[in-house]
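Commentary on secondary and tertiary structure
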Amino acid sequence: MKLYSKPTSPYARKVRVVAEEVGLGERLAIEDPPLRDAATEFWRVNPTGMVPALITDDGQLVVESNVICEYIDSLHAGRRLFPAESAQRWRALRLNALADVMIGALVTRVRESWRPESAQDPKLIELEKNRVVNVLDALEHDDLIGDQMNVGHVTLGCALSVSDRRFPKEDWRSAHPNIARWYESFGGRASMTKTYAE
Ligand SMILES: N[C@@H](CCC(=O)N[C@@H](CS)C(=O)NCC(=O)O)C(=O)O
């Protein structure tokens, strides 16, 4: 399978972590395409022009990180990161959706930080900052992170890694000790260290 991926894309990293966790990391041939150029081969192959994008072994295009993660999770016989049983599945999807919102908020802030300072929108930055803290507050008092590892944990780990990489001075740990403890352990997994781009 070919995975179009960018080294620091948290969405692409979710896919790579899932593949590592289910033992299929070696099956992914990683390609780093040029972005934002509609004239490239990448846009011809993938109409969204976004990463991650997967080309399956039989040549099908799969886009959207969650869909790619679930596709990869369907290819192995071990314990699923998208649980089949309904109650567990919904818990995994709920955690995953909350963590995905965190990634979206962090990515918005990162993009904003790339604009000249005079063009940045402080209200937007504050809003997205608060959104992440709010989701962390909710997760801190929820028992979702205590579930057996599922796709939601992968997404949460990738979200927290973006926070640490891009906003290292922001201390999310002090007010969220349960999540900090969980991440201390999850962030050290081989799937996470192997997919971290310096
Ligand atoms: N909802 C998508 C989001 C993917 C996404 O935003 N990818 C960014 C990189 S982190 C991208 O490809 N951006 C290209 C662009 O903005 O043209 C997913 O979950 O896969």
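A word on the sheet that holds strand β3 (residues 53-55)
Strands sit in the order β2-β1-β3-β4 across an open sheet of four strands; the sheet is mixed. One side of each edge strand has no neighbouring strand; the edge strands of this open sheet are β2 (29-31) and β4 (61-63). Strand-to-strand twist in this sheet, taken as the mean axis angle between neighbours without regard to direction, amounts to 20 degrees. Here three bridges tie β3 to β4, and the two strands are oriented antiparallel to one another. Directly across from I55, in β4, lies its bridge partner L61.

A look at helix α4 (residues 86-113)
Side chains of residues three or four places apart in an α-helix project in the same direction, reflecting 3.6 residues per turn. Taking 1.5 Å per residue as the helical rise, α4 with its 28 residues ought to reach 40 Å, and the 40 Å between its terminal C-alpha atoms agrees with that figure. Within α4, the full set of buried residues consists of A92, L95, N96, L98, A99, D100, M102, I103, A105, L106 and R109. Of the surrounding elements, those touching the buried residues of α4 are α1 (10-21), α3 (65-73), α5 (122-140) and α6 (151-166).

A short note on the site of the ligand
Near the ligand the following residues occur: K6, S9, Y11, L35, R36, G49, M50, V51, P52, E64 and S65. By residue class, the composition of the shell around the ligand is five nonpolar, three polar and three charged.

A word on the domain arrangement of the chain
Parsing the chain into structural domains produces domain 1 (2-73) and domain 2 (86-194). Computed from C-alpha coordinates alone, the two centres of domain 1 and domain 2 are separated by 21 Å. Each partner contributes residues to the interface: domain 1 has 10 residues there, and domain 2 has 13 residues. Of all the secondary structure elements, the ones that give two or more residues to the side of domain 1 that touches domain 2 are α1 and α3. Considering every element that reaches the side of domain 1 that touches domain 2, the biggest residue donor is α1, with eight residues. Of the residues in the side of domain 1 that touches domain 2, the class split is five nonpolar, one polar and four charged.

A few points about α6
End to end, α6 covers 23 Å across 16 residues, agreeing with the expected 22 Å (1.5 Å per residue, within 8%). The element α6 is extensively covered by neighbouring structure, given that 13 of its 16 residues are classed as buried.

Observations regarding the nonpolar core
Counting 41 residues, the largest nonpolar core has V15, V18, M102, I103 and A159 as its most contacted members. The set of elements that each furnish at least two residues to this core consists of β1 (2-4), α1, β3, α3, α4, α5, α6 and α7 (177-186). In terms of residue count, α4 provides more of this core than any other element does, eight residues in total. Among the domains, domain 1 (2-73) and domain 2 (86-194) are the pair contributing at least three residues each to this core.

A closer look at the environment of L98
The topology assignment puts L98 in helix α4. Under the C-beta neighbour-count criterion, L98 is labelled buried, with 20 such atoms within 10 Å. The spatial distance from the C-alpha of L98 to the C-alpha of A138 is 9.3 Å, given a sequence separation of 40 residues.

Description of the environment of A53
Its place among the elements puts A53 in strand β3. When the C-alpha atoms of A53 and E70 are compared, they prove to be 13 Å apart, with 17 residues separating the residues in sequence. Once you skip the residues sitting within four places of it in the chain, A53 turns out to touch Y4, N46, L61 and V63.

Let's talk about the packing of α4 against α6
Look at α4 against α6: their axes get within 7 Å of each other, and the N-to-C directions meet at 20 degrees. The orientation of α4 with respect to α6, classified from their angle, is roughly parallel. For α4 against α6, the interelement crossing comes out left-handed. Of α6, the residues touching α4 (which contributes A92, L95, N96, A99, D100, M102, I103, L106 and V110) are V151, G152, T155, L156, C158, A159, V162, S163 and R166.

What about unusual backbone geometry?
For the bond from V51 to P52, the omega torsion is 0 degrees, close enough to zero to count as cis. Among the secondary structure elements, P52 is positioned in the loop between α2 (41-45) and β3. With a phi close to 60 degrees, R36 is a non-glycine residue in the positive phi region. Its place among the elements puts R36 in the loop between β2 and α2. Here R36 falls in the exposed class, since 9 other C-beta atoms lie within 10 Å of it.

What counts, and at which threshold
- Residues numbered from 1 in each chain as written.
- Predicted model: local features only at pLDDT ≥ 70, side-chain atom pairs only at ≥ 80, totals over all residues.
- Pairing = 2+ DSSP bridges.
- Helix = DSSP H or I, 4+ residues; strand = E, 2+ residues; numbered from the N terminus.
- Axes fitted to C-alpha atoms, helices over the stretch in contact; angles between N-to-C directions.
- Expected span 1.5 Å × (residues − 1).
- Buried ≥ 20, exposed ≤ 12 C-beta atoms within 10 Å, placed from the backbone.
- Contact = placed C-beta atoms within 7 Å.
- Near = placed C-beta within 6 Å.
- Nonpolar A, V, L, I, M, F, W, Y, C, P; charged D, E, K, R; others polar.
- Domains from an automatic or database assignment.
- Core = buried A, V, L, I, M, F, W, Y, C linked by C-beta atoms within 7 Å.
- Parallel < 35°, antiparallel > 145°, perpendicular 65-115°, else oblique.
- Left-handed = near helix turned anticlockwise from the far one by under 90°.

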